[in-house]
Amino acid sequence: MNMQGSHIASTCVALACVAGLMCAVGFSLACAASVIASTHALGACSVSYLTMESVAALKRRFAAAAPLVVLSALAPVVLPTLPCLLLCIVIGICNRSLLVAVPPPRISRLLLPGRVLAGPCEPAAEQAVAEPAAPLRGQLIIVTGSSAGIGLETAQQLLARGATVIFACRSERRAEQAAAAACRAEGIPRERAIVCVLDTSDLVSVRVFAAEYVAKHKRCDGLVLNAGCMLPSRKTSPQGYEMMLSTNHLGHFLLTQLLMPMLRANRSRVIFVSSALHKAVGTHDTARLFASLLNDPQTTEGYEMFHAYAKSKLAQVSTALELHKREGGAGVISVSLHPGSAKTEVTRSLPLAVRLPYALLQPLLRLFFPEPAEAAFTTVQALIAANATALAGTYLERCSVEPLSTAASSPICGRALWDLSERLVATFSEPLLVPPCQ
């Protein structure tokens, strides 16, 4: 059975389970109502026609039978629920096994904008023929936020293709664990996964990371700006900036600026992992969203999670295009993309009331959302595609070149956002003292 077929079958079974569970709930409510009605009727009959001794005896009998009555009322709910939960667990395990067994799609060549770049899943042997065994051998690539989710899958796929990967993460402990797991999974030496501490919400951390990197390494062939967060309530970074703007955009903007001499020297690729939410959210079209980004970048008024998140992702897409215009002539390839709405840890800060149903409904959501391994493939292809010039300045969604929104592609908006970003990070953007090419 192919991956899509397994998802459809799993969804049908899960829907049947949900329907059965709803019927069971209705039946149990009816049984409970019947028991209550019967109890009230007997009580009324006892008071009217029986002696006090008989009424007392009847009450004792009801008290003794109360647990049995409760179990009888709950049985129609409990009994169908157990097999439903078991089926959901089996579905999740089967889906995960199938997704691990079936390789992700590959992009054989770049096509025109609007055309799908990835075909159906192909056997691993065919992929080995079409793609060099190690297309990234000898290359050094930074992946921010690579301790989990799409970032970890991206790093692992890059390691499998021969690259040495910098796991640039906020938590050193989690990054070490992720790097070790990725190397074990691919059977490669642990030294090809290098762990560095980087918190993109803190501009001081960004500058420290960049200074240490250029002091230790002579090159940077790829920069994957993947780290991100989504927060239900407004928080601020150590520099006082709105947290999502700082984490998703400003930290990455500063990192790119600090590494720019090295990126130019190596004709590197810079990949902005954005989101399709940048196009519009709620009643906000992209023009209004960009106006809000320029006029109220810190979202000080009327904070709403998806609106603020969309602003930070719109900033990434616009910055990627502006970077292409400014540095494309020097050989820097800049690409923005939406990898797909995979299940990642970007939602870890959401309330439990949101995360719990999201986790329970995974067997259903798997039909519509890709796994992190699938989502990471868009980023990997942007790094290994042979015709790099065709990628420059483009926006990808699930391995497909898509047109930018009017606001995101506006030269005026792009320059205005670039100037705003430079002002916000100016304190930390002085050129590094250590020369990038030693």
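Treat the numbers as computed from the prediction; the structure is a model and nothing was measured.

Formed by 49 residues in total, the largest nonpolar core has its most connected members in Ile-142, Phe-209, Tyr-213, Leu-255 and Leu-259. Setting aside anything within four residues of it in sequence, one finds Phe-209 in contact with Ile-142, Ile-166, Ala-168, Cys-196, Val-197, Leu-198 and Leu-255. Leu-136, Ala-178, Ala-182 and Ile-333 belong to the second largest nonpolar core, which has 35 residues in total.

Most of strand β2 (residues 164–169) is tucked away, with five of its six residues classed as buried. Sheet analysis places strand β1 (residues 140–144) next to β2, joined by five bridges and oriented parallel. Within the sheet, the bridge partner assigned to Ile-142 lies in β2 and is Ile-166. Regarding topology, helix α4 (residues 149–160) serves as the crossover connection from β1 to the parallel β2, and that connection is right-handed.

Contact pair helix α10 (residues 305–327) / helix α15 (residues 411–424): the axes reach a minimum separation of 9 Å and the direction vectors enclose 100°. As far as their axial angle goes, α15 and α10 are roughly perpendicular. Along its contact with α10, which presents Ala-315, Ser-318, Thr-319, Glu-322, Leu-323, Lys-325 and Arg-326, the element α15 presents Pro-411, Cys-413, Gly-414, Arg-415, Leu-417, Trp-418 and Asp-419. Residue composition of the contact of α10 with α15, by class: six nonpolar, three polar and five charged.

The terminal C-alpha atoms of helix α5 (residues 172–186), which comprises 15 residues, lie 21 Å apart, in line with the 21 Å expected from a rise of 1.5 Å per residue. Among the residues making up α5, those that are buried are Ala-175, Ala-178, Ala-179, Ala-180, Ala-182 and Cys-183. As for α5, its buried residues are in contact with α4, β2 and β3 (193–197). In the stretch just after α5, Gly-187 is the one whose phi turns positive, near 65°.

For Ser-421, the position within the fold is in helix α15. Assessed through its relative accessible area of 1%, Ser-421 is described here as buried. With 127 residues separating them in the primary sequence, Ser-421 and Leu-294 have C-alpha atoms 9.8 Å apart. The contact partners of Ser-421, leaving out residues within four places of it in the chain, are His-249, Leu-250 and Phe-253. A distance of 2.8 Å separates a polar atom in the side chain of Ser-421 from a polar atom in the side chain of His-249.

With that out of the way, let us pick up the sheet that holds strand β5 (residues 269–273). Two strands in a sheet stick together by hydrogen bonds in their backbones, pointing the same way (parallel) or opposite ways (antiparallel). On the basis of which strands lie adjacent, the open sheet formed by eight strands has the order β3-β2-β1-β4-β5-β6-β7-β8 and mixed pairing. The sheet is open, and its two edges are formed by β3 and β8 (401–402), each paired on a single side. As judged from the five bridges shared by β5 and strand β6 (residues 333–338), these two strands associate in the parallel manner. Bridging from a neighbouring strand, Arg-269 pairs with Ile-333 of β6. Contacting β1, β2 and β3, α4 crosses the sheet at an angle of about 165° to β2.

If you trace the backbone, Ser-400 turns up in the loop between β7 (395–397) and β8. Take Ser-400: its relative accessible area is 5%, and that puts it in the buried class.

In this section: the pattern of salt bridges. Counted under the stated rule, the structure contains five salt bridges. With its nearest N and O atoms 2.7 Å apart, the salt bridge here joins Glu-327 to Arg-264. Highlighted residues: Glu-327 in helix α10 and Arg-264 in helix α8 (residues 260–265), separated in sequence by 63 residues. Taking relative accessible area as the criterion, Glu-327 reaches 12% and is therefore assigned buried. With its nearest N and O atoms 2.9 Å apart, the salt bridge here joins Glu-322 to Arg-326.

This paragraph deals with helix α13 (residues 372–384). An α-helix turns once every 3.6 residues. As a result, residues three or four positions apart point the same way. Here α13 is 13 residues long and its end C-alpha atoms lie 18 Å apart, about the 18 Å a rise of 1.5 Å per residue gives. With respect to burial, α13 is a largely interior element, 12 of its 13 residues being buried.

Once that is clear, we can look at unusual backbone geometry. Notably, Arg-267 is not glycine yet its phi reads approximately 50°, a positive angle. Structurally, Arg-267 is set in the loop between α8 and β5. Since its relative accessible area comes to 57%, Arg-267 is described here as exposed. Unlike most non-glycine residues, Thr-299 shows phi in positive territory, near 50°. For Thr-299, the location among the structural elements is in the loop between α9 (286–295) and α10.

How each quantity is defined
- Residues numbered from 1 in each chain as written.
- Predicted model: local features only at pLDDT ≥ 70, side-chain atom pairs only at ≥ 80, totals over all residues.
- Heavy atoms only, no water.
- Core = buried A, V, L, I, M, F, W, Y, C linked by side-chain atoms within 4.5 Å.
- Buried < 20%, exposed > 50% of the residue type's maximum accessible area, 1.4 Å probe, protein only.
- Contact = heavy atoms within 4.5 Å.
- Helix = DSSP H or I, 4+ residues; strand = E, 2+ residues; numbered from the N terminus.
- Pairing = 2+ DSSP bridges.
- Right-handed = clockwise from strand over helix to strand, strands pointing away.
- Axes fitted to C-alpha atoms, helices over the stretch in contact; angles between N-to-C directions.
- Parallel < 35°, antiparallel > 145°, perpendicular 65-115°, else oblique.
- Nonpolar A, V, L, I, M, F, W, Y, C, P; charged D, E, K, R; others polar.
- Expected span 1.5 Å × (residues − 1).
- Polar contact = N/O pair within 3.5 Å; in protein donor to acceptor, adjacent residues only side chain to side chain.
- Salt bridge = Lys/Arg side-chain N within 4 Å of Asp/Glu carboxyl O.

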